[in-house]
Amino acid sequence: MDFEEGVTLTKYLIHGGRPLHGSIEISGAKNAAVAILPAALLVNGKCRIENIPQISDVTLILQILRELGAEVRTVNRTTMDIDCSSIQNAPVPYELARRIRASYYLVGALLGRFGWAQVPMPGGCNLGGRPIDQHVKGFLAMGAEVEVRNGLIDAKAPGGRVCGGQVYLDMVSVGATMNIMLAAVLADGMTIIENAAKEPHIVDLANFLNSMGANIMGAGTDVIKIRGVESLKGGSYSIIPDQIEAGTYMAAVAAAGGEVEIKNVIPKHLDCITAKLLEMGVEVEERDDSVVVRRDGPITRTNVKTMPYPGFPTDMQPQIAACLCLAQGTSVVTEGVWENRYRYVDEFRRMGARIQVDGKVAVIEGVEKLTGAPVHACDLRAGAAMIIAGLAAHGDTEIDGIYHIERGYENIVEKLSDVGADIQILFVPDDDAQPQVG
Ligand code: EPU
């Protein structure tokens, strides 16, 4: 997509009610990329990283790496060479780091490499309280001193190098698991993480680090053991496909109807989503590295509870809720990970959805049709859910706050247009509040 001078990208306009047909190619996984790129800070040599998604969270992390002195060279659209051999340790720039959640991975990576890190507290989607106490617990167990003050996380290993330690996570945390792994790969001795997260991106980060010479065992189970090594050398690595991007397009076909092949996926990673769609009367056919999703009959009601992998992912909760708004009967959705992931419900109601929320539970009474309305993308996955609802609705849906969506979905407008969706980008000139279609 091109950004014209003097024009601000503001909204998506969807004319709904068209079934989707064709194929969609899935990009590299956002939540793997945002950990693997900071992990390059630990490597003494050139890393070639392939299948990097072109999303704004990645752009920000690459900018931070450059600020720290990394040499970043674009090989092609999705491949970068990153060389951190001659980086200097320095406080991470506040304006960049506070805009993304994943900036917390810079703490683990810089602490592991230099024995010292100073990183602004992270930003990212507002899903309720987002504490980092489990990350800190891990760093403390490895002998670091950690202080949070003036909006900064300051972590220091007294001898200049963290040592191995044992940490039992009080709750399954993706971020804490990856951050402790990052700090531990160059530590003096063995680190053990118990009650670790098992998401595909945890395994991907471990595979990346191991391919550079780390010694990590057990990633993908709830006990991960990391034996510290002296240094990591360069190499090549390709990031896994994005499970949630694939799931989002699967849900889009479920809601709008039609038949779409979702290509470049690992079907095993999609099992939790596929199982739910099958219960809802959607056909899903698994192939080697694609899934074909088909829906021409009614959507059946179901219940969904989100939980850590291999449970149903919280990052698919708003998108599946969009489908259930159109199901026959009443569905119950229970959010098991975040305390506040229903901020999108008021927006769905504008489109005619019937949803009641009580704490972590949403009761969705299916309606025969949704109607287009102006709505707001209040976070990344809520924004994706607004698109899904808009594709299925009768009439026009205008979505604002789309910078949230662009944090995590590469070329979403192009990918959906290619399968027949009527979706356009609206531009608003800086000096004029009237949108123009672009
Ligand atoms: N938690 C704590 N203390 C901690 C860490 C987590 O109490 O120190 C709690 C959280 O408040 C939450 C639960 O533990 O209730 C799980 O949080 P987790 O640490 O797993 O989440 P995260 O690492 O901050 C990542 C993804 C999220 C995704 C969650 C869960 C990234 C950058 N973000 O967040 O992705 O929802 O894991 O799978 O990887 C998204 O992509 O839309 C997104 C929000």
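To be clear, the structure that these remarks concern was listed above.
Described below are features of the structure shown in this document. (Residues numbered from 1 in each chain as written. Predicted model: local features only at pLDDT ≥ 70, side-chain atom pairs only at ≥ 80, totals over all residues. Heavy atoms only, no water.)

Turning our eyes to something else, we now look at the pairing of strand β22 (residues 396-400). Here β22 shows a clear split, with T397 and I399 buried on one side and none of D396, E398 and D400 buried on the other. Taken together, strand β21 (residues 374-376), helix α12 (residues 380-392) and β22 form a β-α-β motif whose crossover is right-handed. (Buried < 20%, exposed > 50% of the residue type's maximum accessible area, 1.4 Å probe, protein only. Helix = DSSP H or I, 4+ residues; strand = E, 2+ residues; numbered from the N terminus. Right-handed = clockwise from strand over helix to strand, strands pointing away.)

The subject of this paragraph is the site of the ligand. Near the ligand, the surroundings consist of 24 residues, among which Q134, S173, V174, D315 and V337 are the closest. Between an oxygen atom of the ligand and a main-chain N or O atom of Q134, the distance comes to 2.7 Å. A distance of 2.8 Å is found between an oxygen atom of the ligand and a backbone nitrogen or oxygen belonging to G175. The protein chains hide 90% of the 830 Å² of surface that the ligand would expose on its own. Secondary-structure elements contributing two or more residues to the shell around the ligand are α1 (30-39), α5 (133-141), α6 (174-184) and α12. Element by element, the count of residues in the shell around the ligand is highest for α5, at three residues. (Near = heavy atom within 4 Å. Polar contact = N/O pair within 3.5 Å; in protein donor to acceptor, adjacent residues only side chain to side chain. Areas by Shrake-Rupley, 256 points an atom, 1.4 Å probe, with all protein chains shown as cover.)

Counting buried residues in strand β5 (residues 79-83) gives four out of five residues, a clear majority hidden from the surface. Bridge analysis of strand β3 (residues 46-50) against β5 gives four bridges, and the strand direction is antiparallel. Its bridge partner lying in β5, I49 is registered against M80. Across five bridges, strand β4 (residues 71-76) lies against β5 in antiparallel orientation. Each bridged residue has a counterpart across the sheet, and for V72 the counterpart in β5 is I82. Hairpin geometry of β4 and β5 is characterised by an intervening segment of two residues between the two adjacent antiparallel strands. (Pairing = 2+ DSSP bridges.)

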